[in-house]
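# Topology and contacts: notes
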Amino acid sequence: MKIGVIGGGAWGTALAQVAAAGGDPVLLWALEPDVVEAVNTARENPVYLAGVPLSPAIRATTRLADLQGCEALLVVTPAQHVRKILSGIDASGVPLVLCAKGIEAGSRKLVSEVAEEVQPDAAIAVISGPTFAHEVAKGLPTAVTLACADEALGASLASRLARPNFRPYASTDVIGSEIGGAVKNVLAIACGVVEGRGLGLNARSALIARGFAEMTRFGLAKGARVETLSGLSGLGDLVLTCSSTQSRNFSLGKGLGEGRGAAELMADRRTIAEGAFTAPVLQEAARATGVDMPVVDAVCALLDGSASADTIVSALLARPLRPEGR
Ligand SMILES: NC(=O)c1ccc[n+]([C@@H]2O[C@H](COP(=O)([O-])OP(=O)(O)OC[C@H]3O[C@@H](n4cnc5c(N)ncnc54)[C@H](O)[C@@H]3O)[C@@H](O)[C@H]2O)c1
Ligand SMILES: O=P(O)(O)OC[C@H](O)CO
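Cut-off values and rules
- Residues numbered from 1 in each chain as written.
- Chains lettered and ligands numbered in written order.
- Predicted model: local features only at pLDDT ≥ 70, side-chain atom pairs only at ≥ 80, totals over all residues.
- Heavy atoms only, no water.
- UniProt positions renumbered as here; feature names shortened; annotations may be inferred.
- Helix = DSSP H or I, 4+ residues; strand = E, 2+ residues; numbered from the N terminus.
- Buried < 20%, exposed > 50% of the residue type's maximum accessible area, 1.4 Å probe, protein only.
- Contact = heavy atoms within 4.5 Å.
- Near = heavy atom within 4 Å.
- Polar contact = N/O pair within 3.5 Å; in protein donor to acceptor, adjacent residues only side chain to side chain.
- Pairing = 2+ DSSP bridges.
- Axes fitted to C-alpha atoms, helices over the stretch in contact; angles between N-to-C directions.
- Areas by Shrake-Rupley, 256 points an atom, 1.4 Å probe, with all protein chains shown as cover.
- Nonpolar A, V, L, I, M, F, W, Y, C, P; charged D, E, K, R; others polar.
- Domains from an automatic or database assignment.
- Buried area = accessible area lost by both parts, 1.4 Å probe.
- Salt bridge = Lys/Arg side-chain N within 4 Å of Asp/Glu carboxyl O.

The protein chain has the name Glycerol-3-phosphate dehydrogenase [NAD(P)+] in an unreviewed UniProt entry, where Sphingomonas colocasiae is given as its organism. Its UniProt record gives the protein chain the following Subcellular location (unreviewed entry) comment, quoted word for word: "Cytoplasm".

If you want it as C-alpha coordinates, here you go:
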(Lines give C-alpha, C1' and ligand atoms only; values in the text may rest on other atoms or scores of the structure.)
(Ligands and ions follow the chains in the order given, each with its own letter.)
Protein backbone atom coordinates (compact mmCIF):
# COMPACT_ATOMS: atom_id res chain seq x y z
CA MET A 1 0.00 0.00 0.00
CA LYS A 2 1.77 3.19 -1.16
CA ILE A 3 1.23 5.86 1.48
CA GLY A 4 0.95 9.61 0.88
CA VAL A 5 1.11 12.03 3.80
CA ILE A 6 -0.53 15.45 3.51
CA GLY A 7 1.13 17.91 5.89
CA GLY A 8 4.83 18.33 6.59
CA GLY A 9 4.53 19.56 10.17
CA ALA A 10 5.91 17.59 13.10
CA TRP A 11 3.17 14.96 13.11
CA GLY A 12 2.99 14.45 9.33
CA THR A 13 6.76 14.04 9.18
CA ALA A 14 6.76 11.59 12.10
CA LEU A 15 3.98 9.53 10.50
CA ALA A 16 5.86 9.51 7.18
CA GLN A 17 8.83 8.12 9.12
CA VAL A 18 6.59 5.37 10.59
CA ALA A 19 5.14 4.50 7.18
CA ALA A 20 8.63 4.42 5.61
CA ALA A 21 10.21 2.31 8.35
CA GLY A 22 9.88 -0.91 6.32
CA GLY A 23 11.62 0.73 3.34
CA ASP A 24 8.42 1.28 1.32
CA PRO A 25 8.32 4.62 -0.52
CA VAL A 26 6.29 7.37 1.13
CA LEU A 27 5.34 10.68 -0.48
CA LEU A 28 5.10 13.66 1.90
CA TRP A 29 3.26 16.80 0.78
CA ALA A 30 4.37 19.96 2.56
CA LEU A 31 3.21 23.52 2.10
CA GLU A 32 6.64 25.06 2.53
CA PRO A 33 9.21 24.68 -0.29
CA ASP A 34 12.06 24.94 2.27
CA VAL A 35 10.66 21.91 4.13
CA VAL A 36 10.41 19.92 0.88
CA GLU A 37 13.94 20.88 -0.13
CA ALA A 38 15.38 19.92 3.27
CA VAL A 39 13.56 16.56 3.42
CA ASN A 40 14.72 15.65 -0.10
CA THR A 41 18.31 16.77 0.27
CA ALA A 42 19.31 16.84 3.96
CA ARG A 43 16.85 14.10 5.04
CA GLU A 44 15.60 16.28 7.86
CA ASN A 45 12.68 18.59 8.57
CA PRO A 46 14.54 21.40 10.36
CA VAL A 47 11.43 23.61 10.60
CA TYR A 48 9.05 21.25 12.41
CA LEU A 49 11.01 18.14 13.48
CA ALA A 50 14.60 19.25 13.87
CA GLY A 51 17.26 16.75 14.84
CA VAL A 52 15.54 13.59 13.61
CA PRO A 53 17.27 11.87 10.65
CA LEU A 54 14.55 10.85 8.18
CA SER A 55 14.27 7.65 6.15
CA PRO A 56 15.60 7.84 2.57
CA ALA A 57 12.29 6.20 1.53
CA ILE A 58 10.49 9.53 2.19
CA ARG A 59 10.24 11.87 -0.79
CA ALA A 60 8.65 15.30 -0.35
CA THR A 61 6.69 17.49 -2.77
CA THR A 62 4.79 20.78 -2.77
CA ARG A 63 2.43 19.51 -5.53
CA LEU A 64 -0.81 17.93 -4.31
CA ALA A 65 -1.26 16.39 -7.78
CA ASP A 66 1.81 14.18 -7.13
CA LEU A 67 -0.27 12.26 -4.55
CA GLN A 68 -2.24 10.66 -7.40
CA GLY A 69 -1.48 6.93 -7.30
CA CYS A 70 -1.10 6.70 -3.53
CA GLU A 71 -3.23 3.89 -2.09
CA ALA A 72 -3.93 5.62 1.25
CA LEU A 73 -3.55 9.25 2.30
CA LEU A 74 -2.74 10.34 5.87
CA VAL A 75 -4.24 13.82 6.33
CA VAL A 76 -2.11 15.70 8.87
CA THR A 77 -2.63 19.43 8.31
CA PRO A 78 -4.10 21.44 11.21
CA ALA A 79 -7.87 20.93 11.52
CA GLN A 80 -8.80 24.40 10.23
CA HIS A 81 -7.02 23.72 6.88
CA VAL A 82 -8.38 20.23 6.17
CA ARG A 83 -11.42 21.39 4.15
CA LYS A 84 -9.33 23.49 1.76
CA ILE A 85 -6.64 20.83 1.30
CA LEU A 86 -9.13 18.00 0.72
CA SER A 87 -11.00 20.14 -1.80
CA GLY A 88 -7.80 20.29 -3.84
CA ILE A 89 -7.27 16.54 -4.35
CA ASP A 90 -8.99 13.68 -6.12
CA ALA A 91 -9.41 11.03 -3.41
CA SER A 92 -12.13 8.86 -4.96
CA GLY A 93 -11.60 5.29 -3.83
CA VAL A 94 -8.58 6.21 -1.69
CA PRO A 95 -8.86 5.80 2.10
CA LEU A 96 -8.29 9.05 4.02
CA VAL A 97 -6.67 8.55 7.42
CA LEU A 98 -7.38 11.70 9.42
CA CYS A 99 -4.73 12.62 11.99
CA ALA A 100 -5.55 16.24 12.93
CA LYS A 101 -7.10 16.93 16.33
CA GLY A 102 -9.70 19.67 16.31
CA ILE A 103 -13.16 20.93 15.40
CA GLU A 104 -13.75 23.20 12.41
CA ALA A 105 -14.66 26.78 13.29
CA GLY A 106 -17.98 27.95 11.85
CA SER A 107 -19.36 24.54 10.87
CA ARG A 108 -18.56 22.99 14.32
CA LYS A 109 -17.76 19.78 12.43
CA LEU A 110 -15.25 17.14 13.41
CA VAL A 111 -12.54 16.53 10.82
CA SER A 112 -14.23 13.28 9.69
CA GLU A 113 -17.47 15.18 9.06
CA VAL A 114 -15.58 17.75 6.99
CA ALA A 115 -13.86 14.97 5.02
CA GLU A 116 -17.16 13.17 4.37
CA GLU A 117 -18.64 16.41 3.04
CA VAL A 118 -15.71 17.25 0.75
CA GLN A 119 -14.78 13.71 -0.36
CA PRO A 120 -18.05 11.73 -0.12
CA ASP A 121 -16.60 8.71 -2.00
CA ALA A 122 -13.53 8.25 0.20
CA ALA A 123 -13.41 5.76 3.06
CA ILE A 124 -12.52 7.49 6.33
CA ALA A 125 -10.27 6.37 9.17
CA VAL A 126 -8.81 8.24 12.14
CA ILE A 127 -5.50 7.89 13.98
CA SER A 128 -5.48 9.48 17.42
CA GLY A 129 -3.78 8.90 20.76
CA PRO A 130 -0.90 9.94 23.03
CA THR A 131 1.76 10.74 20.45
CA PHE A 132 4.42 13.38 20.82
CA ALA A 133 5.79 13.52 17.27
CA HIS A 134 9.46 13.60 18.26
CA GLU A 135 9.12 10.39 20.28
CA VAL A 136 7.30 8.59 17.44
CA ALA A 137 9.86 9.74 14.86
CA LYS A 138 12.69 8.46 17.06
CA GLY A 139 10.99 5.04 17.30
CA LEU A 140 10.06 5.21 20.99
CA PRO A 141 7.17 2.88 22.02
CA THR A 142 3.76 4.38 21.19
CA ALA A 143 0.18 3.10 20.94
CA VAL A 144 -2.68 4.77 19.06
CA THR A 145 -6.34 4.23 18.31
CA LEU A 146 -6.97 3.52 14.62
CA ALA A 147 -10.71 3.97 14.09
CA CYS A 148 -12.55 2.97 10.92
CA ALA A 149 -16.20 2.01 10.45
CA ASP A 150 -15.06 -0.59 7.90
CA GLU A 151 -13.29 -3.14 10.14
CA ALA A 152 -11.49 -4.89 7.26
CA LEU A 153 -10.07 -1.60 5.97
CA GLY A 154 -9.11 -0.60 9.53
CA ALA A 155 -7.25 -3.90 9.96
CA SER A 156 -5.42 -3.48 6.67
CA LEU A 157 -4.36 0.11 7.52
CA ALA A 158 -3.26 -1.04 10.98
CA SER A 159 -1.12 -3.84 9.59
CA ARG A 160 0.46 -1.46 7.02
CA LEU A 161 1.36 1.13 9.68
CA ALA A 162 2.18 -1.11 12.67
CA ARG A 163 5.82 -1.35 13.76
CA PRO A 164 7.37 -3.10 16.76
CA ASN A 165 7.25 0.27 18.58
CA PHE A 166 4.10 1.69 16.96
CA ARG A 167 0.93 -0.21 17.89
CA PRO A 168 -2.43 0.76 16.40
CA TYR A 169 -5.43 -0.53 18.40
CA ALA A 170 -8.52 -1.03 16.23
CA SER A 171 -11.84 0.70 16.87
CA THR A 172 -14.95 1.42 14.83
CA ASP A 173 -15.76 4.56 16.85
CA VAL A 174 -14.55 7.30 14.49
CA ILE A 175 -16.38 10.19 16.19
CA GLY A 176 -15.36 9.07 19.69
CA SER A 177 -11.68 8.88 18.79
CA GLU A 178 -11.80 12.38 17.30
CA ILE A 179 -13.63 13.93 20.25
CA GLY A 180 -10.96 12.77 22.71
CA GLY A 181 -8.17 14.35 20.65
CA ALA A 182 -10.02 17.63 20.11
CA VAL A 183 -11.18 18.12 23.71
CA LYS A 184 -7.89 17.13 25.38
CA ASN A 185 -6.07 19.99 23.61
CA VAL A 186 -8.35 22.53 25.32
CA LEU A 187 -8.00 20.81 28.72
CA ALA A 188 -4.20 20.78 28.30
CA ILE A 189 -4.26 24.59 28.06
CA ALA A 190 -6.07 24.64 31.42
CA CYS A 191 -3.46 22.30 32.96
CA GLY A 192 -0.70 24.55 31.65
CA VAL A 193 -2.35 27.47 33.45
CA VAL A 194 -2.22 25.48 36.70
CA GLU A 195 1.52 24.98 36.11
CA GLY A 196 2.09 28.62 35.16
CA ARG A 197 0.34 29.88 38.32
CA GLY A 198 2.17 27.36 40.52
CA LEU A 199 -1.07 25.81 41.81
CA GLY A 200 0.48 22.38 42.39
CA LEU A 201 0.13 18.77 41.33
CA ASN A 202 -3.07 18.11 43.33
CA ALA A 203 -4.79 20.85 41.34
CA ARG A 204 -3.48 19.46 38.06
CA SER A 205 -4.76 15.97 38.80
CA ALA A 206 -8.13 17.35 39.88
CA LEU A 207 -8.33 19.27 36.61
CA ILE A 208 -7.44 16.19 34.56
CA ALA A 209 -10.18 14.17 36.30
CA ARG A 210 -12.83 16.89 36.12
CA GLY A 211 -11.76 17.65 32.54
CA PHE A 212 -12.21 13.99 31.69
CA ALA A 213 -15.74 14.22 33.15
CA GLU A 214 -16.40 17.12 30.71
CA MET A 215 -14.93 15.15 27.80
CA THR A 216 -17.11 12.18 28.70
CA ARG A 217 -20.32 14.24 29.02
CA PHE A 218 -19.70 15.92 25.67
CA GLY A 219 -18.56 12.73 23.95
CA LEU A 220 -21.55 10.67 25.11
CA ALA A 221 -23.92 13.45 24.00
CA LYS A 222 -22.32 13.29 20.54
CA GLY A 223 -22.59 9.49 20.28
CA ALA A 224 -19.03 8.51 21.32
CA ARG A 225 -18.51 5.22 23.15
CA VAL A 226 -17.35 5.31 26.74
CA GLU A 227 -14.56 2.78 26.09
CA THR A 228 -13.15 5.06 23.37
CA LEU A 229 -13.18 8.08 25.69
CA SER A 230 -11.41 6.11 28.41
CA GLY A 231 -8.92 4.63 25.90
CA LEU A 232 -5.79 5.85 24.12
CA SER A 233 -7.44 8.65 22.12
CA GLY A 234 -9.31 10.05 25.16
CA LEU A 235 -7.92 9.59 28.65
CA GLY A 236 -4.55 8.35 27.34
CA ASP A 237 -3.93 11.49 25.30
CA LEU A 238 -5.40 13.74 28.00
CA VAL A 239 -2.88 12.48 30.56
CA LEU A 240 0.06 12.87 28.14
CA THR A 241 -0.83 16.35 26.98
CA CYS A 242 -1.63 17.61 30.49
CA SER A 243 1.72 16.45 31.87
CA SER A 244 4.49 18.08 29.88
CA THR A 245 5.69 21.35 28.40
CA GLN A 246 6.56 19.27 25.31
CA SER A 247 2.86 19.82 24.55
CA ARG A 248 2.27 23.05 22.62
CA ASN A 249 -1.18 23.35 24.22
CA PHE A 250 0.15 22.86 27.75
CA SER A 251 2.96 25.37 27.15
CA LEU A 252 0.50 27.91 25.75
CA GLY A 253 -1.53 27.52 28.96
CA LYS A 254 1.62 27.85 31.06
CA GLY A 255 2.35 31.18 29.37
CA LEU A 256 -1.22 32.36 30.02
CA GLY A 257 -0.86 31.30 33.66
CA GLU A 258 2.33 33.33 33.90
CA GLY A 259 0.32 36.39 32.88
CA ARG A 260 1.18 36.70 29.18
CA GLY A 261 -1.57 37.37 26.61
CA ALA A 262 -2.85 34.78 24.13
CA ALA A 263 -2.16 36.97 21.07
CA GLU A 264 1.46 37.53 22.09
CA LEU A 265 1.99 33.82 22.83
CA MET A 266 0.44 32.71 19.54
CA ALA A 267 2.36 35.30 17.49
CA ASP A 268 5.61 33.81 18.77
CA ARG A 269 5.09 30.39 17.23
CA ARG A 270 5.12 28.77 13.82
CA THR A 271 3.78 25.51 15.25
CA ILE A 272 0.12 24.90 16.04
CA ALA A 273 -1.61 24.84 19.44
CA GLU A 274 -4.91 23.37 18.18
CA GLY A 275 -6.68 23.88 21.52
CA ALA A 276 -6.71 27.66 21.02
CA PHE A 277 -8.76 27.23 17.82
CA THR A 278 -10.91 24.40 19.15
CA ALA A 279 -11.83 26.05 22.48
CA PRO A 280 -14.41 28.62 21.24
CA VAL A 281 -16.03 26.21 18.78
CA LEU A 282 -16.14 23.45 21.42
CA GLN A 283 -17.81 25.90 23.78
CA GLU A 284 -20.42 26.70 21.11
CA ALA A 285 -20.96 23.00 20.39
CA ALA A 286 -21.30 22.16 24.11
CA ARG A 287 -23.84 24.95 24.64
CA ALA A 288 -25.80 23.86 21.56
CA THR A 289 -25.86 20.30 22.95
CA GLY A 290 -26.75 21.40 26.50
CA VAL A 291 -23.52 20.03 27.99
CA ASP A 292 -21.87 21.86 30.91
CA MET A 293 -18.10 22.32 30.31
CA PRO A 294 -16.84 24.78 32.94
CA VAL A 295 -13.14 24.12 32.32
CA VAL A 296 -13.61 24.73 28.59
CA ASP A 297 -15.51 27.96 29.42
CA ALA A 298 -12.60 29.03 31.61
CA VAL A 299 -10.05 28.43 28.84
CA CYS A 300 -12.19 30.47 26.43
CA ALA A 301 -12.33 33.40 28.87
CA LEU A 302 -8.55 33.32 29.30
CA LEU A 303 -7.91 33.10 25.56
CA ASP A 304 -10.21 36.01 24.72
CA GLY A 305 -8.83 38.04 27.63
CA SER A 306 -12.22 38.54 29.29
CA ALA A 307 -10.97 37.29 32.69
CA SER A 308 -7.68 36.84 34.50
CA ALA A 309 -6.31 33.45 35.52
CA ASP A 310 -6.85 34.21 39.21
CA THR A 311 -10.48 35.25 38.69
CA ILE A 312 -11.13 32.10 36.69
CA VAL A 313 -9.51 29.78 39.24
CA SER A 314 -11.52 31.41 42.06
CA ALA A 315 -14.74 31.03 40.06
CA LEU A 316 -14.06 27.34 39.35
CA LEU A 317 -13.33 26.67 43.02
CA ALA A 318 -16.50 28.51 44.09
CA ARG A 319 -18.82 26.38 41.97
CA PRO A 320 -21.54 24.66 44.05
CA LEU A 321 -20.51 21.32 45.58
CA ARG A 322 -21.98 18.37 43.70
CA PRO A 323 -21.86 14.56 43.43
CA GLU A 324 -18.75 13.37 41.56
CA GLY A 325 -20.73 11.49 38.92
CA ARG A 326 -22.26 14.72 37.52
N1 LIG B 1 2.93 17.34 16.83
C2 LIG B 1 2.39 16.31 17.45
O3 LIG B 1 3.02 15.74 18.34
C4 LIG B 1 1.02 15.84 17.07
C5 LIG B 1 0.63 14.55 17.47
C6 LIG B 1 -0.63 14.11 17.13
C7 LIG B 1 -1.51 14.91 16.42
N8 LIG B 1 -1.10 16.16 16.04
C9 LIG B 1 -2.05 16.95 15.26
O10 LIG B 1 -1.60 16.98 13.92
C11 LIG B 1 -2.04 18.20 13.28
C12 LIG B 1 -0.84 18.87 12.64
O13 LIG B 1 0.02 19.27 13.69
P14 LIG B 1 1.61 19.31 13.56
O15 LIG B 1 2.13 19.19 14.94
O16 LIG B 1 2.09 18.35 12.54
O17 LIG B 1 1.83 20.79 13.01
P18 LIG B 1 3.09 21.74 13.26
O19 LIG B 1 2.77 22.68 14.35
O20 LIG B 1 4.33 20.93 13.42
O21 LIG B 1 3.20 22.53 11.90
C22 LIG B 1 2.19 23.40 11.44
C23 LIG B 1 1.65 22.80 10.18
O24 LIG B 1 0.61 23.64 9.70
C25 LIG B 1 0.75 23.71 8.29
N26 LIG B 1 0.04 24.86 7.75
C27 LIG B 1 0.17 26.16 8.10
N28 LIG B 1 -0.64 26.91 7.33
C29 LIG B 1 -1.28 26.06 6.49
C30 LIG B 1 -2.23 26.21 5.45
N31 LIG B 1 -2.71 27.41 5.12
N32 LIG B 1 -2.67 25.10 4.81
C33 LIG B 1 -2.20 23.88 5.13
N34 LIG B 1 -1.29 23.67 6.09
C35 LIG B 1 -0.85 24.75 6.76
C36 LIG B 1 2.24 23.81 8.09
O37 LIG B 1 2.59 23.55 6.75
C38 LIG B 1 2.69 22.71 9.05
O39 LIG B 1 2.57 21.45 8.43
C40 LIG B 1 -2.70 19.03 14.40
O41 LIG B 1 -4.09 18.85 14.32
C42 LIG B 1 -2.16 18.41 15.68
O43 LIG B 1 -3.06 18.56 16.76
C44 LIG B 1 0.14 16.63 16.33
O1 LIG C 1 1.82 19.42 21.37
P2 LIG C 1 0.34 19.20 21.43
O3 LIG C 1 -0.28 19.83 22.63
O4 LIG C 1 -0.32 19.58 20.14
O5 LIG C 1 0.11 17.63 21.61
C6 LIG C 1 0.64 16.75 20.67
C7 LIG C 1 -0.15 15.47 20.61
O8 LIG C 1 -1.49 15.73 20.27
C9 LIG C 1 -0.06 14.65 21.85
O10 LIG C 1 -0.75 13.44 21.67
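Under the feature "binding site: sn-glycerol 3-phosphate" (unreviewed entry), the UniProt entry names K101, G129, T131, K184, D237, S247, R248 and N249. By the element assignment, K101 lies in the loop between β5 (96-98) and α4 (111-118). When its relative accessible area of 13% is taken as the criterion, K101 is described as buried. Leave out the neighbours within four places in its chain, and K101 touches A79, S128, G129, T131, G181, A182, K184, N185, D237, E274 and T278.

Looking now at the site of ligand 2. Every residue lining ligand 2 is accounted for by K101, G129, P130, T131, F132, K184, D237, L240, T241, S247, R248 and N249. Here D237 contributes a side-chain N or O atom positioned 2.6 Å from an oxygen atom of ligand 2. Here S247 contributes a side-chain N or O atom positioned 2.6 Å from an oxygen atom of ligand 2. Looking at the shell around ligand 2, the elements with two or more residues in it are α10 (232-241) and α11 (248-257).

Moving on to the sheet that holds strand β3 (residues 58-61). Read from one edge of the open sheet, 8 strands run β3-β2-β1-β4-β5-β6-β7-β8, paired in mixed fashion. Of all the strands in the sheet, just β3 and β8 (166-171) have a single pairing partner and so form its edges. Between one strand axis and the next, the sheet turns by 25° as a mean value, whatever way the strands run. Sheet analysis places strand β4 (residues 72-75) next to β5, joined by 3 bridges and oriented parallel. If you follow V75 over to β5, its bridge partner there is L98.

Neighbouring ligand 1 are 21 residues; A10, W11, E32, I272 and E274 lie closest to it. Between an oxygen atom of ligand 1 and a main-chain N or O atom of A133, the distance comes to 2.9 Å. The backbone of I272 places a nitrogen or oxygen atom 2.8 Å from an oxygen atom of ligand 1. Expressed as a share of its isolated accessible area of 830 Å², the protein-covered part of ligand 1 is 86%. A total of 3 residues in the shell around ligand 1 trace back to one element, the largest contributor, which is helix α1 (residues 10-19). Partitioned by chemical class, the residues of the shell around ligand 1 number 11 nonpolar, 6 polar and 4 charged.

Structurally, A262 is set in helix α12 (residues 262-267). Placed 65 residues apart in sequence, A262 and R197 show a C-alpha to C-alpha distance of 15 Å. In this structure, A262 is in contact with L256 and L303, ignoring residues within four places of it in sequence.

Although it is not a glycine, R43 adopts a positive phi angle of roughly 55°. Mapped onto the elements, R43 comes out in the loop between α2 (33-41) and β3. The backbone of R108 sits at a positive phi, close to 60°, despite the residue not being glycine. Here R108 is to be found in the loop between β5 and α4.

What follows concerns the domain arrangement of the protein chain. Each assigned domain of the protein chain is listed here: domain 1 (3-172) and domain 2 (175-317). On a C-alpha basis, the centres of domain 1 and domain 2 stand 24 Å from each other. Contacts between the two partners involve 31 residues from domain 1, matched on the other side by 29 residues from domain 2. At the boundary of domain 1 with domain 2, total buried surface from both sides reaches about 2,400 Å², with 62% on carbon and sulfur atoms. For the pair domain 1 and domain 2, the number of links is 2 salt bridges. Of the charged contacts in the structure, one is a salt bridge between R108 and E284, with a shortest N-O distance of 3.1 Å. Between the two partners, domain 1 and domain 2, sit 8 residue pairs in polar contact (both at pLDDT 80 or more). Of all the elements in the fold, those that place two or more residues in the side of domain 1 that touches domain 2 are α4, β6 (124-128), β7 (142-148) and β8. Among the elements that take part in the side of domain 1 that touches domain 2, β7 stands out by supplying 4 residues, more than any other.

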